[in-house]
Structure formats: C-alpha cells, structure tokens
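Close look at the chain arrangement
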Amino acid sequence: MDVLSRHQGHEARMHDLQEERLRKQEEKAAKEAAAEERRRMIEAERTARLHEMQERRKLRHAKIEQQQQEKEKERQDAAREKARDREQRLSALSAAQQANMEELQKKIQQKQTESARRHTEILEQIKERAFELSVLRYSSNHDDIPKLLPYDRKKMCLVCGVTISSEVHLMSHLRGVKHQNAVREKAGKDVMNTQEMELYNLRNIVDAPPDRETAEVAIDKERQRNLKKKRLKKMRQRMVTRGSEYESSQATKIHQSAETPNKNKIVKLTKDLHKYLHAQGTGPWSTTRVAALDRCLLELTRILERK
C-alpha cells in the first residue's frame, strides 16, 4: 500500500510535471507566435515606411529633375535669344558693311569709268590732232616719213570716194595728181595755194562709215576666194597634165613589170589614183583627201624606185 501510494503519488507528480511542461510549451508557442506577429507587424511597418520614403525620394528627384529641365530650357531659350540678337546685330553690321562696300565700289567704278572716258577722249583728241597734223603735213611738200601702222578706224576722202587705211596711204593719196585735180575741180579753182589745199583736205578727209569698211572687207574676201579658186584650178590642170605624161611614159614599164611581187599593190594604188582623178568635184579638197592622195603617190614612188 505504501509502495502503491508512493507510486501513485509519483505518477501524480509526473502527470503534473507533464501538464506543467505542456502548459509551458503552449505559453512558449503563444509567446513565439505573438513575437512573430509583432515582428511581422514591425516588418510591415518598416516596409511601408521604406516605400513611403522611396516614394517621397522619387517625388523629390522628379521635382528636382523638372526644376533642372525648366532651368535648362530657360537657359537654352536665353542662349537662343542671345544668339538671335547677336545674329541680327551681325547681319545688320554685315549689311551695313556690304552697303558701304557697294557704295565705295560704285564710286570707284564711276571714277574709273569717268577716268577711262576722259582718257579715251584725250586719246581721241590726240589721234584727231595727229591726223589733222598728218593731213596738213602731207598736203604740202614736207619730207616727213609716214608711219606704217594702219589706222584704228579707216578714213575716207569725200572728194575722191577713196578709203584710206594708213598714213602711208594718206600721204600717197593727198600728193597724188588725181586727188589734187579733183580738189581743184570741186573747189572751182585752177590754182590753189598750200593753205587752201590744207583746209580743203581737212574738211574732206573724214572717218569712214562702218558699212563701207564692211563692204570693203567683203570685197577683199571675195577677191581672195577667187584667187584661191584660180590657183586650185591651175594646180588641178598641172596634176592632170603631169599624170597623163607619167602614165604615157610609164605604161610600158608597168606592163613589163606586171608579174612583180608588188603587182597587186600597184594595181590598187593605180585604181586609187584614178578614183581621186575622176572624183575631183568643185572647191578645195579636204585635208584628209589631200593626205590620202599624198600617201598613195609616196607608196607608188617607193615601189617604182625599187624597180
């Protein structure tokens, strides 16, 4: 009974200890759960605060960036305005300088034109005075030697209707018997002294009109063309005559040497010569045709020289 009672007391104590342990474990678990809940709440609050801080930081950075962009925009606007003002000032200055330069160039051009005009007038006066002196000098029996240079503008004798191209021509015309007789006949005087002849020549030797110079140039060109045609005609006649003589003198030799190695070449050259002879046409030959004829004759001459 004592043992049983002790055993039962021991079991009761063990049961109490077990319950005490369970109670402590439950309390500990409850404490840990409460602590975990507090930690979770604290973490949530901390996360919320961090998120709020980040949002405030983002807002602050965005505000700062917006302010910087506005300041940069204002700075760029101010710089553009300043550059535009500077460009306008430079444009106005450049326009003023250009206007001054154009005005200066215009004045310089006017001065140069005026100077050139005065220079031309002076030269014309000098030439006119020199021509008058030449007329006066060659109207009398002065022994001055005339210049060989032609006149810039040809002169014309109203009495004889002759165009004068140089001082040599002027002297020969004024001292010619034909001109002096025409002057006396037109003046109605059989005898004229030197002073009257000089004054009459001064009044009647004038600048030739441009159309007269053009007509004389055309006549001279036509005369040159006629002379050239005559020379070409004579040259063709000489070529034909000499060709006939050469053919008659060389007919026998060509016939005897018909079996030479150059037979085909001689025949071809002969045909070419006949073609050039019978197709002369009118007018001067072209340079290529003359060169071809020259080449053909040289080839034939080389072959004949080798016999």
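Owing to the predicted nature of the structure, the values given are computational and were not obtained by experimental measurement. (Residues numbered from 1 in each chain as written. Predicted model: local features only at pLDDT ≥ 70, side-chain atom pairs only at ≥ 80, totals over all residues. Heavy atoms only, no water.)

**Examining a nonpolar patch on the surface**
Selection rule: Each patch is built from residues lacking any salt bridge and having more than 30% relative accessible area; the joining distance is 9 Å for like charges and 5 Å for nonpolar side chains (Val, Leu, Ile, Met, Phe, Trp, Tyr). Here, Shrake-Rupley sampling with a 1.4 Å probe gives the accessible areas, and only protein chains in the shown set may cover a residue. Just to be clear on terms, a salt bridge is a Lys or Arg side-chain nitrogen sitting within 4 Å of an Asp or Glu carboxyl oxygen. The way it works is that DSSP assigns letters per residue, a run of H or I at least four long becomes a helix, a run of E at least two long becomes a strand, and they are numbered from the N terminus.
A surface patch of nonpolar side chains, amounting to about 270 Å² of accessible area, comprises Met 101, Leu 104 and Ile 108. By secondary structure assignment, the location of Met 101 is in helix H1 (residues 2-139).

**Side note on the pairing of strand S1 (residues 150-157)**
Applicable threshold: At least two bridges found by DSSP between two strands is the condition for calling them paired.
As paired strands, S1 and strand S2 (residues 162-166) are joined by four bridges and run antiparallel to one another. Along S2, the bridge assignment pairs Cys 157 with Val 162. Hairpin connection of S1 to S2: four residues between the antiparallel strands, including Gly 161 at a positive phi of 70°. As defined by bridge partners, S1 adjoins strand S3 (residues 205-207) across three bridges and the pair is classed as antiparallel. If you follow Cys 157 over to S3, its bridge partner there is Ile 205.

**A closer look at the UniProt feature "domain: C2H2-type" (unreviewed entry) in the chain**
Under the convention used in this document: UniProt positions are given in the numbering used here, feature names are shortened, and annotations may be inferred rather than shown by experiment.
The positions UniProt marks with the feature "domain: C2H2-type" (unreviewed entry) are residues 157-179. Strand forms 26% of residues 157-179 and helix 48%; the C-alpha atoms that close the span are 9 Å apart.

**Looking at the side chain of Ser 166**
Here is the rule: Only heavy atoms matter for contacts: two residues are in contact if any of them lie within 4.5 Å across the pair.
With respect to the element layout, Ser 166 can be found in strand S2. Residues within four places of Ser 166 in sequence aside, it is in contact with Leu 149, Pro 150 and Tyr 151.

**Structural notes on helix H6 (residues 263-278)**
The criterion, for reference: By this rule the span expected of a helix is its residue count minus one, scaled by 1.5 Å. Each residue gets one of three labels from its accessible area relative to the maximum for its type: buried under 20%, exposed over 50%, partly exposed in between, using a 1.4 Å probe on protein chains only. Directions pointing from the helix axis toward each C-beta atom define the arc.
Between its first and last C-alpha, H6 extends 23 Å over 16 residues, near the 22 Å set by a 1.5 Å rise per residue. Those residues of H6 that fall on the buried side of the exposure criterion are Ile 266, Leu 269, Asp 272 and Tyr 276. Seen along its axis, H6 keeps its buried residues to an arc of 125°; they face one direction. The exposed residues of H6 that point more than 90 degrees off its buried face are Asn 264, Lys 268, Lys 271 and His 278. Where H6 is buried, its residues touch helix H7 (287-305).

**Details of the pattern of salt bridges**
This model, assessed by the stated rule, comprises 15 salt bridges. Of the charged contacts, one joins Glu 299 and Arg 302 as a salt bridge, the two residues approaching to 3.2 Å between their closest N and O atoms. Placement of the pair is Glu 299 and Arg 302 together in helix H7, with a separation of three residues, close to one helical turn. With a relative accessible area of 26%, Glu 299 lands in the partly exposed category. Assessed through its relative accessible area of 42%, Arg 302 is described here as partly exposed. Overlapping salt bridges bring together Glu 114, Arg 117, Arg 118 and Glu 121 as one network.

**Focus on the sheet that holds S2**
To summarise the sheet geometry, strands pair through backbone hydrogen bonds and adopt either a parallel or an antiparallel arrangement. Applied cut-off: Lines fitted to C-alpha atoms define the axes, with helix axes restricted to the stretch in contact, and inter-axis angles between N-to-C directions lie between 0 and 180 degrees.
What the three strands build is an open sheet, ordered S2-S1-S3; its pairing is antiparallel. Two strands bound the open sheet, and with one partner strand each, they are S2 and S3. Strand-to-strand twist across the sheet, computed as the mean angle between neighbouring axes with direction ignored, equals 35°. Set on the sheet, helix H2 (residues 167-174) makes contact with S1, S2 and S3; between it and S2 the angle comes to about 135°.

**Examining the nonpolar core**
Under the convention used in this document: To qualify as a nonpolar core, a set must consist of buried Ala, Val, Leu, Ile, Met, Phe, Trp, Tyr and Cys residues joined through side-chain atoms within 4.5 Å.
Of all hydrophobic cores here, the largest spans 13 residues; its most connected members are Phe 131, Val 135, Leu 170, Val 183 and Ile 205. If you list the elements that add at least two residues to this core, you get H1, S1, H2 and helix H4 (194-204). Formed by five residues, the second largest nonpolar core is a distinct cluster that contains Ile 266, Leu 269, Cys 296 and Leu 300.

**Some details on H2**
Within H2 the residues assigned to the buried category are Glu 167, Leu 170, Met 171, His 173 and Leu 174. End-on, the buried residues of H2 take up no more than an arc of 165°, which puts them together on one face.

**Description of the state of the cysteines**
Using the following cut-off: Any two cysteine sulfur atoms within 2.5 Å of one another count as a disulfide.
All told, the structure shown has zero disulfides when counted by the stated rule. Looking at the unpaired Cys 157, the closest cysteine sulfur is the one in Cys 160, lying at 4.0 Å. Assessed through its relative accessible area of 0%, Cys 157 is described here as buried.

**Details of the environment of Lys 268**
Turning to its location among the elements, Lys 268 is positioned in helix H6. Between the C-alpha atoms of Lys 268 and Leu 300, which are 32 residues apart in sequence, the distance is 9.9 Å.

**Quick look at a positive patch on the surface**
As a reminder of what qualifies: In this tally, Lys and Arg are treated as positive and Asp and Glu as negative; His is ignored, and so are the chain termini. Charged side chains are reduced to one point each, which is NZ for Lys, CZ for Arg, CG for Asp and CD for Glu.
A cluster of basic residues, Lys 230, Lys 234, Arg 238 and Arg 242, forms a positive patch on the protein surface. Locating Arg 238 in the fold gives a position in helix H5 (residues 210-256).

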